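The lines below spell out each chain.
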2 protein chains.
Amino acid sequence: MTMGEVHVYRDLGRSFSEWFDNVLEAAEVYDYGRYPAKGMGVWLPYGFKIRENVIRIIRELLNSTGHEEILLPLLIPEGILRKESEHIRGFEDQVYWVTHGGLEPLDVKLALRPTSETSLTYLESFWIKSYKQLPKKYYQIVSIFRYETKATRPMTRVREVTTFKEAHTVHEDFIDCERQVLEAVEIYSKLFDYLGIPYIISKRPEWDKFAGAIYTIAFDTLLPDGRALQIGTVHNLGQTFTKVFEVRIQKRDESIDYAWQTSYGISERVIASVIAIHGDRRGLVLPFSIAPIQIVIIPLFTADAYNDVISYSHMLYEMLRNNGFRVHEDLRNELRPGEKYYYWELKGVPLRIEVGIREVSNKYVTLFRRDTYERTRVGLNELIEVVKKISVEYDENLRNRAWSAFKSRIARFNNLEDAREYLNSSRGVVELPWCGRHECGIKMSELVDADTLGTPLNLSMDEVSNAKCVVCGSNANTLMRLAKKH
Amino acid sequence: MTMGEVHVYRDLGRSFSEWFDNVLEAAEVYDYGRYPAKGMGVWLPYGFKIRENVIRIIRELLNSTGHEEILLPLLIPEGILRKESEHIRGFEDQVYWVTHGGLEPLDVKLALRPTSETSLTYLESFWIKSYKQLPKKYYQIVSIFRYETKATRPMTRVREVTTFKEAHTVHEDFIDCERQVLEAVEIYSKLFDYLGIPYIISKRPEWDKFAGAIYTIAFDTLLPDGRALQIGTVHNLGQTFTKVFEVRIQKRDESIDYAWQTSYGISERVIASVIAIHGDRRGLVLPFSIAPIQIVIIPLFTADAYNDVISYSHMLYEMLRNNGFRVHEDLRNELRPGEKYYYWELKGVPLRIEVGIREVSNKYVTLFRRDTYERTRVGLNELIEVVKKISVEYDENLRNRAWSAFKSRIARFNNLEDAREYLNSSRGVVELPWCGRHECGIKMSELVDADTLGTPLNLSMDEVSNAKCVVCGSNANTLMRLAKKH
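Residues numbered from 1 in each chain as written. Chains lettered and ligands numbered in written order. Predicted model: local features only at pLDDT ≥ 70, side-chain atom pairs only at ≥ 80, totals over all residues.

### Observations concerning the overall build of chain A
Defined as follows: Comment: elements are numbered from the N terminus, with helices defined as DSSP H or I runs of at least four residues and strands as E runs of at least two. With C-alpha atoms as the basis for the radius of gyration, the globule rule is written as 2.2 Å multiplied by the number of residues raised to the power 0.38. Exposure is read from a count of other C-beta atoms within 10 Å of each residue's own; the residue is exposed at 12 or fewer, buried at 20 or more and partly exposed in between. C-beta atoms are placed from the backbone.
Assigned secondary structure in chain A consists of 15 helices and 23 strands. Here the C-alpha atoms of chain A give a radius of gyration of 26 Å, agreeing with the 23 Å that 2.2 N^0.38 yields for 486 residues. Considered along the principal axes of its C-alpha atoms, chain A spans approximately 80 × 55 × 50 Å. For chain A, the residues scored as buried account for 48% of the 486 residues in total.

So, in structure tokens, the structure goes:
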């Protein structure tokens, strides 16, 4: 695949993942597969800018809620990573180990961080002494490493996760951890809403929680092939790590206790979701808020009107830029206008302005919307106003469109057969009545041939009042969500 | 050391490095030494913000000169890193190797990047085909790893360099590489000027150039103890890497040739220099442009005027913030004003505004400058204007002060004895006439008991017309700079 060739598999009902791989490369977002180590990709300049714009939003959301950004070392000494036994059991198979420095073997093996609960809690044992310092909310945006043995996939299943935002908080008691979990859920909801990514929030089942957590809450979205993609997790860690690393604090009542913690993380899967969910047969469709270029101007030259068209185009460029828009003027001679349209549609630029001699003479522009393919005439005097209006509508439209597709793919059933058939036809997520017992959950997953995502938060008892567990037939007290995972 | 205890060693003529270590910790910039792996430190929230502000300037300088930010994987397969033999010889002793994934040994060992010439050039062999794409300027801001066996030091000699900005460019011919080297020198000069870091620019001697380069140009500054610190390097790489990785391009004349490259890098030593050079016995002195807090307001409460003082303070806060300043209001009850002064001076906040009942009644503020310790009265009406004026003067003052101290520490001698004595008294850099021969350069270093920094760029021949090489006595054709390196 080279630039400019996006296959329209999504329309032809062919492989979504082939479309995804192609669009990442053709739109010059992310080079995957050329790098000579499995599961590692390269952020290209255009993709880097998308990533930067997403990170900017994440930082704003976290900074405005009292989170402080820090940066910890990548390498974690073996003794620190192994200190909490449940945690290392969960990660043992996935950790990369540095064993040599230069030509010498190291005295102590060093792990590439798979996540930073252990090293940070070790440091917190020096830093945090009193309830007066709490709650304390740290975060960092770093690479994490997981030796993924399954088939790797660009951005969504990689061995180096290059955009891991991990937050780690410390609290005086369990109740404040609960409050923090809700705050984290709210922050992530805002982020996904901002980017127009639809999601369901589930409490992961016991057998699928984070290694060391009391419980894990997860956000899942759906890819166009009906597979669920986990895009965020929030963990109530209790005192698991503070006990082993001895983070003791003086409490308000002057007693000494171990501190309490939560942690929560998101990765470049957020960016992958934006691309996968909003994209179409022509390529990327980027939200206005994160598009590196929000408006592209294409001058349509004719031999006799070259100067008029180009000065009109420059004037539009200046006007839009001065109004705070990220605008680009495509002046390349070697491409015809149609090729330029194709190029910028592939790159997901939300608005295109076409200007030829008719536009110049009549003082208007022809405005094309990437999301709806609508072409309208806009008078020069009202251009800024119209663009401002569209900039808001645009992201709303993407969000509404994505949510309505998403909702149509979530179904409740009262029996295993219908659920199994639904999932086998790639429809999305099923919700089935469940008694809550571990063995029924595991069995449900086997019988439906799908993964358990967990139970809805705040489910009203009315919703399952007459339902029976689809596995054992006893009274259900919740719903289990299942899907085929990406 | 805990927060609030900075020892005034710098005034007592005692160890600069002890002062430096203490100030990093006391001002909560960087936690070094607690992390349980040698040569690795933690950026604390306050330090992270300083780092972020410096990175923002670097990005602006690079983006505005056509550099594009990318992100490459951290891990480099052994075969790629070893492909260019001179390069791997230079780095072999310093590379960390990942040998295991989970419990399994890896088929191919993976290096933690010591620098990215090899992996990027490998990718460029796919990406770059024609002169039409050139010059191409990439950069990334990442961690690099060097298994440093000498004594490690916080920020200045670490095993994980967490703020490595590496730029890599591709060109059609050698001449364009030469132009790029000058551009890079100009960019780094602007950065250091902006931050008030004085420097000399030297062409490193053959025996100290980057492994794989035709030549290396380096920026050195001086620390308060008279030791030289390398703060930036620029390499003309010629075709060293493009030949082994076969980056072939079609040239303007339609012939096919290997492309040409440069690379250049700076690290968190830039931040270390800002701290080391501008700091004083009270702690940090941060340039206005990168201070996380530029102005701190300290309300001086008295029992009967609490409300008046606090509302005046709030008003000042809003006014300064609305004018674009990074301002903080210190409302803590548990500290006395003097303790607050001490705290924010330690943190290097450029301006302090003190407001008590007298200030409120007479509509002025008391303004304290961290760099000069001057306290002045400023009328409320002229406050914004005065602060704007000082914000420019402040950084100029730091820069001028630093440059004049720096210049006074560079001396030319015509004999080895004076040079040796000068350096043994911690005075800085010496420049000695040199014939240019390798063996004389090496011998000079031994006889003076110092490191060779290299030769000045653009030295006029007049300056050495009658001089004799201090080692062999033959005619000198340049000057060799020597210093004790940090």
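### Regarding the sheet that holds strand β17 (residues 351-355) of chain B
Residue and element names in this part refer to chain B. Short version of the rule: The criterion for strand pairing is that DSSP finds at least two bridges linking the strands in question. All axes here are fitted lines through C-alpha atoms, helices being fitted over the stretch that makes contact, and every angle between N-to-C directions spans 0 to 180 degrees. Here, residues touch in the contact sense if the C-beta positions derived from the backbone fall within 7 Å of one another.
As summarised here, the arrangement of the five strands in space is β16-β15-β17-β18-β19, forming an open sheet in which the pairing is mixed. Edge positions in the open sheet fall to β16 (327-329) and β19 (375-379), since each of these has one partner strand only. Strand-to-strand twist across the sheet, computed as the mean angle between neighbouring axes with direction ignored, equals 25°. Docked against the sheet, helix α10 (residues 306-322) engages β15 (295-299), β16, β17 and β18 (364-369), running at close to 170° with respect to β15. Contacts between helix α11 (residues 337-346) and the sheet are confined to β15 and β17, with β15 contributing the most and set at about 170° to the helix.

### With respect to the domain arrangement of chain A
Applicable threshold: What marks off one domain from the next here is an automatic or database domain assignment.
Once the domains are mapped, chain A shows domain 1 (9-278), domain 2 (295-387) and domain 3 (410-483). Using C-alpha coordinates to define each centre, domain 2 of chain A is positioned 52 Å away from domain 3 of chain A.

### Side note on the interface of chain B and chain A
Definition in use: Three classes are used, and their members are as follows: Ala, Val, Leu, Ile, Met, Phe, Trp, Tyr, Cys and Pro are nonpolar, Asp, Glu, Lys and Arg are charged, and the others, Gly among them, are polar.
Counting from both sides, the interface comprises 42 residues of chain B and, opposite them, 42 residues of chain A. Residue assignment for the side of chain B that touches chain A shows that the elements contributing at least two residues are β2 (41-43), α3 (45-63), β3 (68-69), β4 (75-77), β5 (96-101), β6 (104-112), α6 (117-127) and β8 (160-171) of chain B. Here the element with the most residues in the side of chain B that touches chain A is β5(B); it accounts for six residues. Its residues assigned to classes, the side of chain B that touches chain A shows 28 nonpolar, seven polar and seven charged. Sheet topology note: the strand β5 (residues 96-101) of chain A/β5(B) ladder contains five bridges and is antiparallel. When the sheet's bridge partners are listed, Gly101(A) is paired in β5(B) with Tyr96(B).

### As for the environment of Leu383(A)
Residue and element names in this part refer to chain A. Within the fold, Leu-383 resides in helix α13 (residues 383-407). Distance in space between the C-alpha atoms of Leu-383 and Met-319 is 9.5 Å, their sequence separation being 64 residues. Once residues lying within four places of it in the same chain are set aside, the contact partners of Leu-383 are Val-365 and Val-378.

### Description of α3(B)
All names here are of chain B. Here is the rule we go by: Expected helix span is computed as 1.5 Å times (number of residues minus one). Starting at the helix axis, one direction is taken to each C-beta atom, and the arc is that of these directions.
Across its 19 residues, α3 extends 26 Å between first and last C-alpha, which sits within 8% of the 27 Å expected from 1.5 Å per residue. Burial in α3 covers these residues: Gly-47, Ile-50, Arg-51, Val-54, Ile-58 and Leu-62. All buried residues of α3 project into a common sector of 110° when viewed along the axis, lining one side. Exposed side of α3, more than 90 degrees from the buried face: Arg-56 and Asn-63 are the residues found there. At its buried positions, α3 is contacted by β1 (30-32), β2, β7 (136-145), β8, α7 (174-195) and α9 (269-278).

### Observations regarding the relation of the copies chain B and chain A
Here is the rule: Fitting of the copies onto one another was done by least squares over C-alpha atoms, counting residues only where both copies have pLDDT of at least 70.
Here chain B sits on chain A after a turn of 180° about the axis and a move of 0.0 Å along it, with an RMSD of 0.0 Å. Both copies are brought into coincidence by an operation consistent with a two-fold rotation axis. The position closest to the rotation axis in chain B is occupied by the C-alpha of Val98(B), lying 2.1 Å away.

### Digging into the sheet that holds strand β17 (residues 351-355) of chain A
All names here are of chain A. What the five strands build is an open sheet, ordered β16-β15-β17-β18-β19; its pairing is mixed. For this open sheet the edge positions go to β16 (327-329) and β19 (375-379), each flanked by a neighbour on one side alone. For this sheet, the mean inter-axis angle between neighbouring strands, taken without regard to orientation, is 25°. Bridge count between β17 and strand β18 (residues 364-369): four bridges; the pairing is antiparallel. Looking at β18, one finds that Arg-352 is bridged to Phe-368. With respect to the sheet, helix α10 (residues 306-322) is in contact with β15 (295-299), β16, β17 and β18, its orientation differing from that of β15 by roughly 170°. Against the sheet, helix α11 (residues 337-346) engages β15 and β17, with an angle of about 170° to β15.

### As for the pairing of β5(A)
All names here are of chain A. With four bridges connecting them, β5 and strand β6 (residues 104-112) associate as antiparallel partners. Counterpart to His-100 in the pairing with β6 is Pro-105. Taking the residues between adjacent antiparallel strands as the criterion, β5 and β6 are bridged by two residues, where Gly-102 takes a positive phi near 60°.

### Details of the environment of Val349(A)
All names here are of chain A. By the element assignment, Val-349 lies in the loop between α11 and β17. Residue Val-349 is classed as buried on the basis of its 25 C-beta neighbours within 10 Å. Residues Val-349 and Arg-369 lie 20 residues apart in sequence; the distance between their C-alpha atoms is 8.8 Å. Ignoring sequence-local partners within four residues, the contact set of Val-349 consists of Ala-291, Ile-293, Val-296, Trp-344 and Arg-370.

### What to know about the pairing of β19(B)
Residue and element names in this part refer to chain B. The element β19 is barely covered by neighbouring structure, given that only zero of its five residues are classed as buried. Where β18 meets β19, five bridges bridge the pair, whose relative direction is antiparallel. Pairing of Phe-368 across the sheet is with Arg-375, part of β19. Linkage of β18 to β19, two consecutive antiparallel strands, is achieved through a turn of five residues, within which Tyr-373 is found at a positive phi near 65°.

### Thoughts on the packing of helix α3 (residues 45-63) of chain A against helix α7 (residues 174-195) of chain A
All names here are of chain A. Applied cut-off: An angle counts as roughly parallel when it lies under 35 degrees, as roughly antiparallel when it exceeds 145, as roughly perpendicular when it falls between 65 and 115, and as oblique in every other case. For a crossing to be left-handed, the near helix must be turned anticlockwise from the far one by less than a right angle; the clockwise case is right-handed.
Put simply, α3 and α7 touch, their axes get as near as 10 Å, and they point 150° apart. Considering their axes alone, α3 and α7 lie roughly antiparallel with respect to each other. The element α3 and its partner α7 pack so that their crossing is right-handed. Along the contact surface, α3 presents Ile-57, Ile-58, Leu-61 and Leu-62, while α7 presents Ile-187, Lys-190, Leu-191 and Tyr-194. Considered class by class, the residues forming the contact of α3 with α7 number seven nonpolar, no polar and one charged.

### Brief notes about the confidence of the model for chain A
This is how it is decided: Confidence of the predictor in every single residue is expressed as pLDDT, which spans 0 to 100.
For chain A, the average pLDDT comes to 95, and 97% of its residues sit at 70 or higher. On the interface metric, ipTM, the complex scores 0.96, and its pTM is 0.96.

### Looking at unusual backbone geometry
Residue and element names in this part refer to chain A. Cis rather than trans, the peptide bond between Leu-134 and Pro-135 has omega equal to -5°. Secondary-structure assignment places Pro-135 in the loop between α6 (117-127) and β7 (136-145). At Glu-254, a position not held by glycine, the phi torsion is positive, near 75°. Within the secondary structure layout, Glu-254 lies in the loop between β12 (248-250) and β13 (256-258). On the basis of neighbour counts, which here come to 7 C-beta atoms within 10 Å, the residue Glu-254 falls in the exposed class.

### Notes on helix α14 (residues 416-424) of chain A
All names here are of chain A. Restricting attention to buried positions, one finds in α14 the residues Ala-419, Tyr-422 and Leu-423. Down the axis of α14, the buried set is contained in an arc of 95°. They therefore lie on one face. Looking at the packing, one finds that the buried side of α14 touches β20 (410-412), β21 (429-434), α15 (438-448) and β23 (478-483). Of the residues trailing α14, Ser-426 is marked for its positive phi of about 60°.

### What about the environment of Phe91(B)?
Residue and element names in this part refer to chain B. Mapped onto the secondary structure, Phe-91 falls in helix α5 (residues 85-91). Sequence-wise, Phe-91 and Arg-146 are 55 residues apart; in three dimensions their C-alpha atoms are separated by 8.4 Å. Setting aside residues up to four positions removed in sequence, Phe-91 forms contacts with Pro-114 and Ala-211.

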